[in-house]
Amino acid sequence: MPTFRSIYDTLYAAFGTQNWWPADTPFEVAVGAILTQNTAWTNVERAIANLKEANCLDTATLAGMNRPELAELIRPAGYFNIKAQRLQALCRFLLDEAGGELTNLWERDTSALRAQLLGIKGVGEETADSILLYALHRPIFVVDAYTRRIFERLGLLETGLGYAEVQAAFEGALPRDRALFNEYHALVVALGKDYCKPKPFCATCPLRSLCPSAQA
């Protein structure tokens, strides 16, 4: 029976270091965490490139922008009107709570900060935890659709578990280490997008020998 650790070791041997999350600043990570909701990362890269070209990738500028103008810049990421609203809500939170600088939140208690992030309109658990892990370096495991699909097929997760239950399963089975959680989530994404799709490509999957659901 595979374990959470053996899966990590196998994926790391297959894929190597993922260097995730790709961003120049912690704030860019947070922006990307919102833009990547329900879209591929390649689309997020295009949207962020637009923001950089317009010289508006900072909290004060984004918060004060005309929303249709912001929506047009992030159009490549999809759901651009909704995401413009969510980005501005995040920026207003940072202006009110952190002087506009995400890094001013470094010293805050993780649980309290997570609750505050979840209070921002449009920020759900996956988005909040991505910000906490990748931008603020907190040892918290990020759960996404790939995580559920892969580990249900592996038999390590029951179907229908809630976000907190899946997260607790990982955090209870692994050392509470930020770098490990960072790399693990990135490796899960790599497997999910290229192999463990809704219709999986089992023949060349690096987890084939460990997966009871692998197709013959």
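Because the structure is a prediction, the values reported are computed rather than measured.

**Let's talk about the overall build of the chain**
At step 1: From N to C terminus, the chain includes 11 helices and 0 strands.
At step 2: Ordered by position from N to C terminus, the α and β elements of the chain give α-α-α-α-α-α-α-α-α-α-α.
At step 3: Its C-alpha atoms give the chain a radius of gyration of 18 Å, within 12% of the compact-globule value 17 Å for 216 residues.
At step 4: Its C-alpha atoms put the chain at 55 × 35 × 30 Å along the principal axes.
At step 5: When each of the 216 residues of the chain is scored for burial, the buried share is 45%.
At step 6: Put simply, of all contacts in the chain between residues at least 6 apart along the chain, 62% involve residues at least 24 apart.
At step 7: Accessible surface, the chain: about 10200 Å² in total, of which carbon and sulfur atoms supply 49%.

**Observations concerning the side chain of glutamate 28**
At step 1: Structurally, the position occupied by glutamate 28 is in helix α2 (residues 26-35).
At step 2: Relative accessible area serves as the criterion here: at 6%, glutamate 28 is assigned to the buried category.
At step 3: Setting aside residues no more than four positions away along its own chain, glutamate 28 makes contact with Pro22, Ala23, Ile48, Lys52 and Leu57.

**A word on the pattern of salt bridges**
At step 1: According to the stated counting rule, one finds 9 salt bridges in the structure shown.
At step 2: Residues glutamate 28 and lysine 52 are paired through a salt bridge, measuring 3.1 Å at the closest nitrogen-oxygen approach. One end of the pair, glutamate 28, is in helix α2; the other, lysine 52, is in helix α3 (residues 41-53), and 24 residues separate them in sequence.
At step 3: Within the structure, one salt-bridge network assembled from shared partners comprises Asp24, Glu28 and Lys52.

**Notes on the environment of isoleucine 150**
At step 1: Within the secondary structure, isoleucine 150 is located in helix α9 (residues 145-153).
At step 2: The sequence separation of isoleucine 150 and leucine 207 amounts to 57 residues, and the corresponding C-alpha distance is 9.8 Å.
At step 3: For isoleucine 150, the contacting residues outside a window of four places in its chain are Val188, Leu191, Gly192, Cys196 and Leu207.

**Some remarks on the environment of glycine 192**
At step 1: By the element assignment, glycine 192 lies in helix α11 (residues 178-194).
At step 2: Sequence-wise, glycine 192 and isoleucine 150 are 42 residues apart; in three dimensions their C-alpha atoms are separated by 7.1 Å.
At step 3: Filtering out sequence-adjacent residues up to four positions away, glycine 192 remains in contact with Tyr146, Arg149, Ile150 and Lys197.

**Re the packing of aromatic side chains**
The way to describe two aromatic rings as a pair is by their centre distance and the angle between their planes.
At step 1: In the structure shown here, the tally under the stated rule is 15 aromatic pairs.
At step 2: Judged by centre distance (5.6 Å) and plane angle (45°), the ring pair of tryptophan 20 and tryptophan 21 falls under tilted.
At step 3: The class of tryptophan 20 is partly exposed, set by a relative accessible area of 25%.
At step 4: Overall, the relative accessible area of 12% leaves tryptophan 21 in the buried class.
At step 5: In this structure an aromatic cluster arises from ring pairing among Phe4, Tyr8, Tyr12, Phe141, Phe151, Phe170, Phe181 and Tyr184.

Thresholds applied
- Residues numbered from 1 in each chain as written.
- Predicted model: local features only at pLDDT ≥ 70, side-chain atom pairs only at ≥ 80, totals over all residues.
- Heavy atoms only, no water.
- Helix = DSSP H or I, 4+ residues; strand = E, 2+ residues; numbered from the N terminus.
- Rg over C-alpha atoms; globule rule 2.2 N^0.38 Å.
- Buried < 20%, exposed > 50% of the residue type's maximum accessible area, 1.4 Å probe, protein only.
- Contact = heavy atoms within 4.5 Å.
- Areas by Shrake-Rupley, 256 points an atom, 1.4 Å probe, with all protein chains shown as cover.
- Salt bridge = Lys/Arg side-chain N within 4 Å of Asp/Glu carboxyl O.
- Phe/Tyr/Trp six-rings, centres within 6.5 Å; stacked < 30°, edge-to-face > 60°.

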